[in-house]
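# Architecture at a glance
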Amino acid sequence: RGERSLATMAADYIGLGFHHILQGIDHLLFVVGLLLIVKSRTMLVKTVTAFTFAHSITLAIATLGYASVPIPPLNAAVALSILFLGPEIARSWRGETSLTIRFPWVVAFFFGLLHGFGFASGLTTTGMPRSELLPALLFFNVGVEVGQLAFVFTALALVRSFKVLEVRWPRWAELAPGYAVGSLGAYWTIQRVTIMLAA
């Protein structure tokens, strides 16, 4: 195969990263959990930045071959990170506080390191040539960030639209996203731990 232009590589790997994050329901559910906890715009920026910085670090480390994590334990840990947010969301509803509620960016950074290894698996399995390693890492990460930001802005825009339109949701509908985070986190944790132990 001949050398590809930088523009072609950029389009391919940005698109790959964009689709990878949007198809990663577990990663997006973790982001939803953070959005349900964070109350201010300033804290939201800090939290999203911390998550981005953290998973960019481990994405680079794993892609460059400096470290790796077996997929079954990694998937179980990602599910556990979602389950962790469930009780924190409930605490925020009750007006209580915790380390996560006060400093969500710390939790976002810690678990972002785990999620970065998950993102790396989406890139390292593409069979990219060694000559494309660095641009692939850069552009794939850009695609992941663009997809993540698109998801966050869409979620915030929907919430804003509902407020402007003064939509009155029943109580169960308001609580549904938080329960979905906790319930799916628990289900995936049990499922993935079972798979890991059976392997």
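Going by the structure above, here's the rest.
What comes next concerns the included structure. Just so it is clear, the model here is predicted, and its values are computed rather than measured.

Scoring rules and cut-offs
- Residues numbered from 1 in each chain as written.
- Predicted model: local features only at pLDDT ≥ 70, side-chain atom pairs only at ≥ 80, totals over all residues.
- Heavy atoms only, no water.
- Axes fitted to C-alpha atoms, helices over the stretch in contact; angles between N-to-C directions.
- Helix = DSSP H or I, 4+ residues; strand = E, 2+ residues; numbered from the N terminus.
- Parallel < 35°, antiparallel > 145°, perpendicular 65-115°, else oblique.
- Left-handed = near helix turned anticlockwise from the far one by under 90°.
- Contact = heavy atoms within 4.5 Å.
- Nonpolar A, V, L, I, M, F, W, Y, C, P; charged D, E, K, R; others polar.
- Phe/Tyr/Trp six-rings, centres within 6.5 Å; stacked < 30°, edge-to-face > 60°.
- Buried < 20%, exposed > 50% of the residue type's maximum accessible area, 1.4 Å probe, protein only.
- Polar contact = N/O pair within 3.5 Å; in protein donor to acceptor, adjacent residues only side chain to side chain.
- Core = buried A, V, L, I, M, F, W, Y, C linked by side-chain atoms within 4.5 Å.
- Expected span 1.5 Å × (residues − 1).

### Concerning the packing of helix H6 (residues 104-124) against helix H7 (residues 133-164)
The contact between H6 and H7 brings their axes to 11 Å, and the two run at 125°. It follows that H6 is oblique to H7 by the angle criterion. Relative to H7, H6 is oriented so that their crossing is right-handed. In this structure, H6 uses Phe 119, Gly 122 and Leu 123 to contact H7, whose residues at the interface are Ala 136, Leu 137, Phe 140 and Val 144. Looking at the contact of H6 with H7, its residues break down into six nonpolar, one polar and no charged.

### Topic: the packing of aromatic side chains
Enumeration according to the criterion identifies seven aromatic pairs in this entry. The interplanar angle of 75° and the centroid separation of 5.9 Å between the aromatic rings of Phe 30 and Phe 111 together place this pair among those described as edge-to-face. With Phe 30 in helix H2 (residues 25-37) and Phe 111 in helix H6, this residue pair connects regions lying 81 residues apart in the sequence. Phe 111 carries the same exposure label as Phe 30, and that label is buried. Measuring from centroid to centroid gives 5.1 Å for Phe 162 and Trp 169, while their planes differ by 80°, and the two rings are edge-to-face. Using a relative accessible area of 32% as the deciding quantity, one classes Phe 162 as partly exposed.

### Observations concerning the side chain of Ser 81
For Ser 81, the location among the structural elements is in helix H4 (residues 71-93). Reaching out from Ser 81, the side chain makes a polar contact with the side chain of His 115 at a distance of 3.1 Å. Apart from the residues lying within four places of it in its own chain, the contact partners of Ser 81 are Phe 30, Phe 111 and His 115.

### Quick look at the nonpolar core
Counting residues in hydrophobic clusters, the biggest one holds 22 residues, and the most contacted among them are Phe 30, Ile 82, Leu 85 and Val 181. Every element with two or more residues in this core is listed here: H2, helix H3 (41-63), H4, H6 and helix H8 (171-198). For this core, the leading source of residues is H2, giving six residues. Tyr 13, Leu 28, Phe 117 and Met 128 belong to the second largest nonpolar core, which has 20 residues in total.

### Observations regarding H2
A rise of 1.5 Å per residue sets the reference length of H2, with its 13 residues, at 18 Å; its end C-alpha atoms lie 19 Å apart and thus fit the reference within 8%. With ten of 13 residues buried, H2 is to be regarded as a mostly interior element. The set of residues buried in H2 consists of Asp 26, His 27, Leu 28, Leu 29, Phe 30, Val 31, Gly 33, Leu 34, Leu 35 and Ile 37.

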